[in-house]
Amino acid sequence: MGILYYYTTAETMKYILTQGDIYATHISYLNDLEEYVNGLRELREIFANREQGDGKPANIINDDIYEEAIREIPQIYSISFSKEADLLSQWYMYARESGVRLGL
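Just so you know, these numbers come straight off a predicted model, no measurement behind them.

Along the backbone of the chain there are four helices and four strands. Secondary structure of the chain in N-to-C order comes out as β-α-β-α-α-β-α-β. Out of the 104 residues in the chain, the part that is buried amounts to 19%. Residue pairs at least 24 apart in sequence account for 71% of intrachain contacts in the chain once pairs closer than 6 positions are excluded. For the chain, the accessible area works out to roughly 8000 Å², and carbon and sulfur atoms hold 51% of it.

Have a look at this one:
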């Protein structure tokens, strides 16, 4: 798969290295709630195109499940990694002026 990069501040890097923890953020705190809705759409499309063993569509995310997932945001947490070793948007958004990137 290769290296994935985690962009963050120097302060957060210090915490990660001393405590051994990387925390994820609850999706309700994302700067763009559409990320969650877009992810639901993607999953719905993926599952709609899959078949069960009998050749019928899997339809795991039906209309009711989809609508409920949009209304009631579940306990989902997110953490962002990048395949890019030097990406300006990641430096700006996550690393700020004292930033670092950790390769995993």
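Let us now look at a nonpolar patch on the surface. There is a patch of nonpolar side chains on the surface, built from Ile22, Ile79, Phe81 and Leu104 and spanning about 330 Å² of accessible area. Positionally, Phe81 belongs in the loop between strand S3 (77-78) and helix H4 (88-95).

Moving on to the side chain of Ser82. Assignment of secondary structure puts Ser82 in the loop between S3 and H4. Take Ser82: its relative accessible area is 9%, and that puts it in the buried class. A distance of 3.0 Å separates a polar side-chain atom of Ser82 from the backbone nitrogen of Glu84. Setting aside residues no more than four positions away along its own chain, Ser82 makes contact with Ile3, Leu4, Tyr5, Tyr7, Leu87 and Gln90.

This brings us to the pairing of strand S1 (residues 5-9). Among the five residues that make up S1, five are buried, leaving the element largely enclosed by the rest of the structure. Of the two faces of S1, the one lined by Tyr5, Tyr7 and Thr9 and the one lined by Tyr6 and Thr8 are each fully buried. Sheet topology places S1 next to strand S4 (residues 99-103); five bridges connect them, and they run antiparallel. Residue pairing across strands places Tyr6 opposite Leu102, the latter belonging to S4.

Bringing the confidence of the model for the chain into the picture now. Of the residues in the chain, 83% reach a pLDDT of 70 or more, and the chain-wide mean stands at 80. Predicted confidence in the chain is weakest over helix H3 (residues 63-71), with a mean pLDDT of 72, and strongest over S1, with 92.

Taken together, the side chains of Asp64, Glu67, Glu68 and Glu72 define an acidic patch exposed on the protein surface. As for its position among the elements, Glu72 is in the loop between H3 and S3.

Quick look at the environment of Glu97 now. Inspection of the secondary structure assignment puts Glu97 in the loop between H4 and S4. Note on Glu97: relative accessible area 78%, which makes it exposed.

In this structure, Ile27, Tyr36, Val37, Leu40, Tyr66 and Ala69 together form the largest nonpolar core, which totals six residues. Contributions of two or more residues to this core are made by helix H2 (34-48) and H3. No other element matches H2, which puts three residues into this core.

Thresholds, definitions, all that
Residues numbered from 1 in each chain as written. Predicted model: local features only at pLDDT ≥ 70, side-chain atom pairs only at ≥ 80, totals over all residues. Heavy atoms only, no water. Helix = DSSP H or I, 4+ residues; strand = E, 2+ residues; numbered from the N terminus. Buried < 20%, exposed > 50% of the residue type's maximum accessible area, 1.4 Å probe, protein only. Contact = heavy atoms within 4.5 Å. Areas by Shrake-Rupley, 256 points an atom, 1.4 Å probe, with all protein chains shown as cover. Patch = residues over 30% accessible without salt bridge, like charges linked within 9 Å, V, L, I, M, F, W, Y side chains within 5 Å. Salt bridge = Lys/Arg side-chain N within 4 Å of Asp/Glu carboxyl O. Polar contact = N/O pair within 3.5 Å; in protein donor to acceptor, adjacent residues only side chain to side chain. Pairing = 2+ DSSP bridges. pLDDT = per-residue confidence, 0-100. Lys, Arg positive; Asp, Glu negative; His and termini not counted. Charge placed at Lys NZ, Arg CZ, Asp CG, Glu CD. Core = buried A, V, L, I, M, F, W, Y, C linked by side-chain atoms within 4.5 Å.

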